[in-house]
Each structure stands twice: as C-alpha cells, then as structure tokens.
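One-letter residues, chain by chain:
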Amino acid sequence: LRNQASQMSYFNPEAYATDDAMKISRLHCVRDGWEDGMLSFMQSGGFKPKERVAQISVPSLILWGRQDGILEKEFASKFVETMEDAELQWVEECGHVPHLEQPEAVARYIMDFLSSDKLRPNEDEKANSPANILDGILNFLN
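Draft legend 1. Quick peek at the overall build of the protein. Within the protein, the regular secondary structure consists of nine helices and two strands. Its helices and strands taken in sequence order, the protein reads α-α-α-α-α-β-α-β-α-α-α from the N to the C terminus. A total of 142 residues make up the protein; the buried ones form 25% of that total. Long-range pairs, those at least 24 residues apart, make up 65% of the contacts in the protein with a sequence separation of at least 6.

In structure tokens:
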C-alpha cells in the first residue's frame, strides 16, 4: 500500500519513489504514541480541511503539483474558492510533493508571493500588516 502511494505521489517515481524514500516515509509510524495518535485521528473522522480552510483570511499561496496522483485537481480549486484571499500556483511536472520534485520552482513561487504587493499593506490596510498576517497564521495553526 505504501509503495503504491509512493508511486502515485511523484511525477517521476523512478527518481523519487526509492527504497530509501519508502523507509523515510515510515519513520513517523515507529515513533512513540503513533498508534494511539492514529486511532484518535481515525475515531475523530479524519482530516477535515473543509471545516478549517474557510477560516483562513490572510493572503495565501496554494502550491499544487499539476500531476498530483494523490489529490484530484478539483481540490486545488476548492481551496482557492473556499479561502478568502488565496491564489493557486500550479507546479508543472510535479506530483504530490512539489518541494521535493521542483524545489527551485517552489522557492521562486514562494519568494515571488512573499515579495508581492499582496503582502505589502497600504495605509488603509494596517490590520493586514505582515505582523498581523503572521499572527493570523499562528492562531490558525494553534
């Protein structure tokens, strides 16, 4: 099952779905508390981003691998539609893990986003200053 997921995760599975990658992908499973945590997660109904994503009100960049074999492309659009201020950037020749398959492109997209006018408040937008944006992200994660 893990091997199949690994094959689906990458645009170029020959380069990234290696034996070492399989071993690394299991490391979290051997940590203390993993079984209890997984049981709790499953009993809770699992990951429900729909309930939380709409609460994100800060400018956000959605990076999505164009050839993601794990999550359907429609999910990317749903994130953008659900979030108050999000933009979608497709990462070409890339599967589910853009930061591994296309690190230079991902870094460029992030730097472009962080240096964009979207994150530079004018005088009327002091409430959306970078400090307040960071506070909003940290509050969401807590």
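Draft legend 2. Seen up close, the packing of aromatic side chains. If you walk through the whole model with that rule in mind, you get two aromatic pairs. Relative to Tyr16, the ring of Tyr10 lies with its centre 5.6 Å away and its plane at 20°, an arrangement referred to as stacked. The exposure class of Tyr10 is buried, given its relative accessible area of 14%. Each ring, one from Trp64 and one from Phe79, has its centre 5.8 Å from the other, and the planes form 50°; the classification is tilted. Residue Trp64 is located in strand E1 (residues 60-65), and its partner Phe79 is located in helix H6 (residues 73-82); the two are separated by 15 residues in the primary sequence. The positively charged end of Lys78 is found above the aromatic ring belonging to Phe75, 5.5 Å away from the centroid. The ring of Tyr109 has Arg108 lying over it, and the distance from NZ or CZ to the ring centre is 5.3 Å.

Draft legend 3. Up close: the environment of Ser6. Structurally, Ser6 can be placed in helix H1 (residues 2-9). What makes Ser6 buried here is its relative accessible area of 10%. Here the alpha-carbon distance between Ser6 and Ala21, two residues 15 residues apart in the chain, equals 8.4 Å. For Ser6, the residues in contact, after removing those within four places along its chain, are Ala17 and Met22.

Draft legend 4. Main features of the pattern of salt bridges. The tally for this structure, following the rule as stated, stands at three salt bridges. Between Arg66 and Glu92 there is a salt bridge, with its nearest N and O atoms 2.8 Å apart. Placement of the pair is Arg66 in the loop between E1 and H6 and Glu92 in the loop between strand E2 (86-91) and helix H7 (98-101), with a sequence separation of 26 residues. Taking relative accessible area as the criterion, Glu92 reaches 39% and is therefore assigned partly exposed.

Draft legend 5. How the structure looks around helix H8 (residues 103-114). Taking 1.5 Å per residue as the helical rise, H8 with its 12 residues ought to reach 16 Å, and the 16 Å between its terminal C-alpha atoms agrees with that figure. Buried residues along H8 sit against E1, E2 and H7.

Draft legend 6. Representation of a nonpolar patch on the surface in the model. Taken together, Met8, Ile70, Leu71 and Phe75 make up a surface patch of nonpolar side chains, about 310 Å² in accessible area. On the secondary structure map, Leu71 appears in the loop between E1 and H6.

Conventions and cut-offs
Per chain, the residues get numbers from 1 upward, laid out in the order the sequence is written. Confidence filtering applies because this is a predicted model: local features only for residues at pLDDT of at least 70, side-chain atom pairs given and counted only at 80 or more, and all residues used for totals across whole chains, interfaces and linings. Only hydrogens and water are set aside when side-chain values are computed; all heavy atoms of the structure are taken into account. A run of DSSP states H or I qualifies as a helix once it reaches four residues; a run of E qualifies as a strand once it reaches two. Both are numbered from the N-terminal end. Working definition: with a 1.4 Å probe on protein chains only, accessible area under 20% of the residue-type maximum means buried, over 50% means exposed, and in between means partly exposed. We call two residues in contact whenever any of their non-hydrogen atoms come within 4.5 Å of each other. Stacked, tilted and edge-to-face are the three classes applied to pairs of Phe, Tyr and Trp rings, where Trp contributes its six-membered ring and a pair requires centres within 6.5 Å; stacked means planes under 30 degrees apart, edge-to-face means over 60, and tilted covers the rest. Geometrically, a lysine NZ or arginine CZ counts as sitting over a ring once it is within 6 Å of the ring centre and also within 35 degrees of the ring normal. Whenever a carboxyl oxygen of Asp or Glu lies within 4 Å of a side-chain nitrogen of Lys or Arg, that contact is scored as a salt bridge. How far a helix is expected to stretch is found by multiplying one less than its residue total by 1.5 Å. Excluding any residue in a salt bridge, patches collect residues exceeding 30% relative accessible area, merging like charges within 9 Å and nonpolar Val, Leu, Ile, Met, Phe, Trp and Tyr side chains within 5 Å. Here the open area of atoms and residues is found with the Shrake-Rupley method and a 1.4 Å probe, where only the protein chains shown may cover a residue.

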